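Per-entry structural report
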Amino acid sequence: ASAARISANDHYRLTRAVEILRSTGMAPSDFAPSSLPRPCHELLVLGILRPRSELNERIDARVESMFADGLADEVSGLMAKGYGADSPGMRAIGYREFFTIEGADKDEIKAAIKLHTRQYAKRQMTFFRALPGIVWIKPSLSEFTSLVGNFLLD
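Remember, it's a predicted structure, so these values are computed and weren't measured experimentally. (Residues numbered from 1 in each chain as written. Predicted model: local features only at pLDDT ≥ 70, side-chain atom pairs only at ≥ 80, totals over all residues. Heavy atoms only, no water.)

Secondary structure summary: the chain contains seven helices and two strands in total. Counting from the amino terminus, helix and strand elements in the chain follow one another as α-α-β-α-α-α-α-β-α. Each principal axis of the C-alpha distribution contributes one length, and for the chain these read about 55 × 45 × 20 Å. The burial tally for the chain puts 18% of its 154 residues in the buried class. Restricting to contacts in the chain with at least 6 residues of sequence separation, those with at least 24 account for 53%. Surface summary for the chain: the accessible area is close to 11,600 Å², and the carbon and sulfur share equals 56%. Between the centroid of the 20 positive side chains of the chain and the centroid of its 19 negative side chains there is a distance of 4 Å. (Helix = DSSP H or I, 4+ residues; strand = E, 2+ residues; numbered from the N terminus. Buried < 20%, exposed > 50% of the residue type's maximum accessible area, 1.4 Å probe, protein only. Contact = heavy atoms within 4.5 Å. Areas by Shrake-Rupley, 256 points an atom, 1.4 Å probe, with all protein chains shown as cover. Lys, Arg positive; Asp, Glu negative; His and termini not counted. Charge placed at Lys NZ, Arg CZ, Asp CG, Glu CD.)

In total, this model carries seven salt bridges according to the counting rule given. Linking Glu64 and Lys110 is a salt bridge whose minimum nitrogen-to-oxygen distance equals 3.0 Å. Remark: Lys110 occurs in helix α6 (residues 106-129) and Glu64 occurs in helix α3 (residues 52-68); sequence separation between them is 46 residues. When its relative accessible area of 17% is taken as the criterion, Lys110 is described as buried. In this structure, the salt-bridge partner of Glu97 is Arg96, at a minimum N-O distance of 3.8 Å. Classification of Glu97 by relative accessible area gives buried; the value is 0%. (Salt bridge = Lys/Arg side-chain N within 4 Å of Asp/Glu carboxyl O.)

Attention now moves to the packing of α3 against α6. Interhelical geometry of α3 versus α6 gives an angle of 140° and a closest axis separation of 10 Å. Classified by the angle between their axes, α3 and α6 sit oblique to one another. Crossing angle aside, the handedness with which α3 passes α6 is right-handed. Across the interface between the two elements, Arg52, Leu55, Asn56, Ile59, Asp60, Val63, Glu64 and Phe67 from α3 touch Lys106, Ile109, Lys110, Ile113, Lys114, Thr117, Arg118, Ala121 and Lys122 from α6. For the contact of α3 with α6, a count of residues per class yields seven nonpolar, two polar and eight charged. (Axes fitted to C-alpha atoms, helices over the stretch in contact; angles between N-to-C directions. Parallel < 35°, antiparallel > 145°, perpendicular 65-115°, else oblique. Left-handed = near helix turned anticlockwise from the far one by under 90°. Nonpolar A, V, L, I, M, F, W, Y, C, P; charged D, E, K, R; others polar.)

Time to look at α6. Over its 24 residues, α6 extends 34 Å from the first C-alpha to the last, a length consistent with the 34 Å expected when each residue adds 1.5 Å. Those residues of α6 lying buried are Ile109, Lys110, Ala112, Ile113, Lys114, His116, Thr117, Ala121 and Met125. Along its buried surface, α6 packs onto α3, α4 (71-80), α5 (97-100) and β2 (135-137). For α6, the side-chain oxygen to backbone nitrogen distance between the N-cap and Asp107 is 3.2 Å, and the N-cap itself is Asp105. (Expected span 1.5 Å × (residues − 1). Polar contact = N/O pair within 3.5 Å; in protein donor to acceptor, adjacent residues only side chain to side chain.)

Now for the nonpolar core. In terms of nonpolar packing, the biggest core is built from ten residues, these being Ile59, Val63, Phe67, Leu71, Ala72, Val75, Phe98, Ile109, Ile113 and Ala121. Apart from residues no more than four positions distant in its own chain, Leu71 is found in contact with Met66, Gly94, Tyr95, Phe98 and Ile113. (Core = buried A, V, L, I, M, F, W, Y, C linked by side-chain atoms within 4.5 Å.)

Moving on to the packing of aromatic side chains. What characterises a pair of aromatic rings is the spacing of the ring centres plus the angle enclosed by the ring planes. Using the criterion set out here, one finds two aromatic pairs in the structure. Where Phe67 meets Phe98, the ring centres are 6.0 Å apart and the plane angle is 25°; that geometry is what we call stacked. A residue pair is termed long-range when its members are at least 10 positions apart, and Phe67 in helix α3 and Phe98 in helix α5 qualify at 31 residues. With relative accessibility at 12%, the residue Phe67 sits in the buried group. Among the residues examined, Phe98 registers a relative accessible area of 18% and is labelled buried. Look at Phe127 and Phe128: their rings are 5.3 Å apart centre to centre, the planes differ by 75°, and that puts the pair in the edge-to-face class. When the ring centre of Phe67 is taken as origin, the NZ or CZ atom of Lys110, which lies over that ring, is 5.4 Å away. (Phe/Tyr/Trp six-rings, centres within 6.5 Å; stacked < 30°, edge-to-face > 60°. Lys NZ or Arg CZ within 6 Å of the ring centre and 35° of its normal.)

Rendered as structure tokens:
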């Protein structure tokens, strides 16, 4: 089942599927969580709703902080150890931009990381909006405490 689902060129995932099968005797798909909620649990799914402008400000601040904390030096160090654009960890947002924008300076890389992070946040919101029964809250402690307290009392 894994071989049918994974691209023949994706050596990393194919190797991992074989490792799982050999070490457990079970296919990776046997570990997939059920799509149905467990009947013995009542779930409260919370989504934190922020205005887009606030979310963008937070993303910008996070990227600036990553660079201030030495992201460029970290990537240089990893490259010196032999990691490259094809390494799985280097495909993540915040790393891949160092490889995909040839000859770019730090400001161009920062801008690309901010853009890709915003795009990812938008995809996350699309995913969460589709969840049935999700309760959206604004990021305030009092609203969260009240909502969770009411849920526990029900």
